[in-house]
Amino acid sequence: MRIKFSCLLLLLFALDVSINVQAAEKKEAPKFYFSNDKRKWNSLQRDEIHDPTCEAINVLQQPYEALSELPYDYTGNNVQWVKALREGFIEPRTNIWPETKIKVLDMDVIMDNTSTLPMVRFPHKEHTEWLDCENCHNHLFIAKVDANPITMYAVLKGEYCGRCHGAVAFPLRECGRCHSVLRATFKGKVGAQPVISGNPEFIAKPRP
Amino acid sequence: MNNIKNQFRKILFLLLPIVGMMTPGVLFAEYADVVMNKRSDKMGLRPVIFPHWFHRIRFRCKVCHSELGFEMRVGSNDVTMAEIANGKFCGMCHNGEVAWSIEHCDLCHSGKPGLKSGIDWGWDKSLTPDSW
């Protein structure tokens, strides 16, 4: 019994070692790249999604090469994209067609139907710097206060805010980034806030 | 009693490497990387990996999601190579002038064969109420 076990153990150990040796031989690219502020990105060669036998991936830009230069975040791509855009770290194109209208709206919406959590502040400015009005209005959100039955269940299922947040924009674990307005200290009126600047066609009507 | 304990330990040691070998590889793709595999596998090509991080450094969301007509939902865009060759969708830039042309198949079709379409960390992979 004892000998059988030892033999089996030895065999498995040998198998494991040979697999590890094979893996070690394949290790050309490091698994992770680090930036000076301790952010970590996978290398394309070993991210388990790109095919390492595909030689073309050696030509592609590595995430860390571009992202380590951009403002720090601890989640998502490890980059604060809004800050990167606003402070000029990146200058992404706004349009391809010359006739496309660039609409940026600076107006907050405070949503108070959040049970015991802090209220949600939706800033149009940050969103319209990246997106067009038509990306959300009116197929995801009707441009009217209280017209949208948003629930966290729907958001987590990828509807409403969840179309981007949790997939491309910052993850849904970051509750406080949206639920950011404390009832105790908020003195104004909930709903659409006064417009600071922007395109008047898409302004939601304030609550009566 | 001691004998049973010893045997249990041995079995545990035996099982550990087996379990280790059977554990599927964990995905470490960059946040918001999209795998597109509606047709690639069937055509004998590698699936397409679309890195959002790379593109949003150069273009705002609205360029692709408004001007080029990409729906903001995995699986809802029916992109064919014929359309790309005609300058639709990816073909607006991937034409050899702005970005590489469609002859460089492997630069986009670079995913592991058999990957499921989806967004890494997307709503269908994490935090969904259905997975609770």
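Our structure is the block above this text.
Residues numbered from 1 in each chain as written. Chains lettered and ligands numbered in written order. Predicted model: local features only at pLDDT ≥ 70, side-chain atom pairs only at ≥ 80, totals over all residues. Heavy atoms only, no water.

S.K.: Hey, could you run me through the environment of Thr128 of chain A in this one?
M.R.: All names here are of chain A. The topology assignment puts Thr128 in helix H4 (residues 124–130). Look at Thr128 and you get buried, because its relative accessible area is 7%. C-alpha of Thr128 to C-alpha of Val104: the two residues are 24 residues apart in sequence and 5.1 Å apart in space. (Helix = DSSP H or I, 4+ residues; strand = E, 2+ residues; numbered from the N terminus. Buried < 20%, exposed > 50% of the residue type's maximum accessible area, 1.4 Å probe, protein only.)

S.K.: Got a minute to help me understand the pattern of salt bridges in this structure?
M.R.: Close approach of charged atoms allows side chains with opposite charge to pair. Across all of its chains, the model carries 15 salt bridges over all chains by this definition. Among the ionic pairs, Glu126 of chain A bridges to Arg86 of chain A, the shortest N-O distance being 3.5 Å. In this pair, Glu126 of chain A sits in helix H4 while Arg86 of chain A sits in helix H3 (residues 81–86), placing the two residues 40 residues apart along the sequence. What makes Arg86 of chain A partly exposed here is its relative accessible area of 42%. Of the charged contacts in the structure, one is a salt bridge between Lys38 of chain B and Asp78 of chain B, with a shortest N-O distance of 3.2 Å. (Salt bridge = Lys/Arg side-chain N within 4 Å of Asp/Glu carboxyl O.)

S.K.: Sorry, what's going on with the sheet that holds strand E6 (residues 191–192) of chain A here?
M.R.: The strands making up a sheet are joined through hydrogen bonds of the backbone, oriented either antiparallel or parallel. Pairing is antiparallel across the open sheet formed by four strands, whose spatial order is E5-E4-E3-E6 (chain A). Two strands bound the open sheet, and with one partner strand each, they are strand E5 (179–181) and E6 of chain A. (Pairing = 2+ DSSP bridges.)

S.K.: Where do I start with the nonpolar core in this structure?
M.R.: For soluble globular proteins, nonpolar side chains are generally found buried alongside one another. Core analysis: the largest hydrophobic core is formed by 20 residues, its most contacted members being Leu67, Leu70, Trp81, Ile90 and Trp130 of chain A together with Trp53 and Ile57 of chain B. At the level of elements, helix H2 (63–67), H3 and helix H6 (152–156) of chain A together with helix H2 (52–58) of chain B are the ones that each hand at least two residues to this core. Looking at this core element by element, the count peaks at three residues for H3 of chain A. Built from parts of two domains, this core gets at least three residues from each of domain 2 (31–92) and domain 3 (108–202) of chain A. Once residues within four sequence positions are removed from consideration, Leu67 of chain A is found in contact with Arg39, Trp41, Asn77, Val79 and Trp81 of chain A together with Glu30, Trp53 and Ile57 of chain B. Among the nonpolar cores identified, the runner-up in size contains 10 residues, and Ile96 of chain A together with Leu68, Phe70 and Val79 of chain B belong to it. (Core = buried A, V, L, I, M, F, W, Y, C linked by side-chain atoms within 4.5 Å. Domains from an automatic or database assignment. Contact = heavy atoms within 4.5 Å.)

S.K.: Honestly, the interface of chain A and chain B in this entry has me stumped. Any pointers?
M.R.: Each side of the interface is counted separately: chain A has 68 residues, and chain B has 56 residues. Buried surface at the junction of chain A and chain B, summed over both partners, amounts to about 5700 Å²; 64% is from carbon and sulfur atoms. The interface formed by chain A and chain B includes three salt bridges. Note that Lys112 of chain B is salt-bridged to Glu48 of chain A, the shortest N-O span being 3.2 Å. Between the two partners, chain A and chain B, sit 23 residue pairs in polar contact (both at pLDDT 80 or more). Within the residue set of the side of chain A that touches chain B, elements represented by two or more residues are helix H1 (2–26), strand E2 (40–42), H2, H3, H4, helix H5 (133–136) and H6 of chain A. With eight residues, the top contributor of residues to the side of chain A that touches chain B is H1 of chain A. (Buried area = accessible area lost by both parts, 1.4 Å probe. Polar contact = N/O pair within 3.5 Å; in protein donor to acceptor, adjacent residues only side chain to side chain.)

S.K.: Could you clarify how one ought to interpret the packing of aromatic side chains in this entry?
M.R.: Think of a pair of aromatic rings as described by two things: how far the centres are apart, and how the planes are tilted against each other in angle. In total, this model carries five aromatic pairs over all chains according to the counting rule given. Considering the side-chain rings of Tyr33 of chain A and Tyr64 of chain A, the 4.0 Å spacing of their centres and the 20° angle between planes classify their relative orientation as stacked. With a gap of 31 residues between them, Tyr33 of chain A in strand E1 (residues 32–34) and Tyr64 of chain A in helix H2 connect regions that are remote in the sequence. In this structure Tyr64 of chain A comes out as partly exposed when scored by relative accessible area, which is 24%. Summarising the aromatic geometry, the rings of Trp81 of chain A and Trp130 of chain A are spaced 6.4 Å apart at their centres and angled 85° between planes, so their arrangement reads as edge-to-face. Here Trp81 of chain A is found in helix H3, whereas its partner Trp130 of chain A is found in helix H4, with 49 residues between them in sequence. Trp81 of chain A sits in the buried class, given a relative accessible area of 7%. Above the plane of the ring of Trp130 of chain A lies Arg56 of chain B, whose end atom (NZ or CZ) is 4.5 Å from the centre. Sitting over the ring of Phe54 of chain B, Arg58 of chain B keeps its end group 3.7 Å from the ring centre. (Phe/Tyr/Trp six-rings, centres within 6.5 Å; stacked < 30°, edge-to-face > 60°. Lys NZ or Arg CZ within 6 Å of the ring centre and 35° of its normal.)

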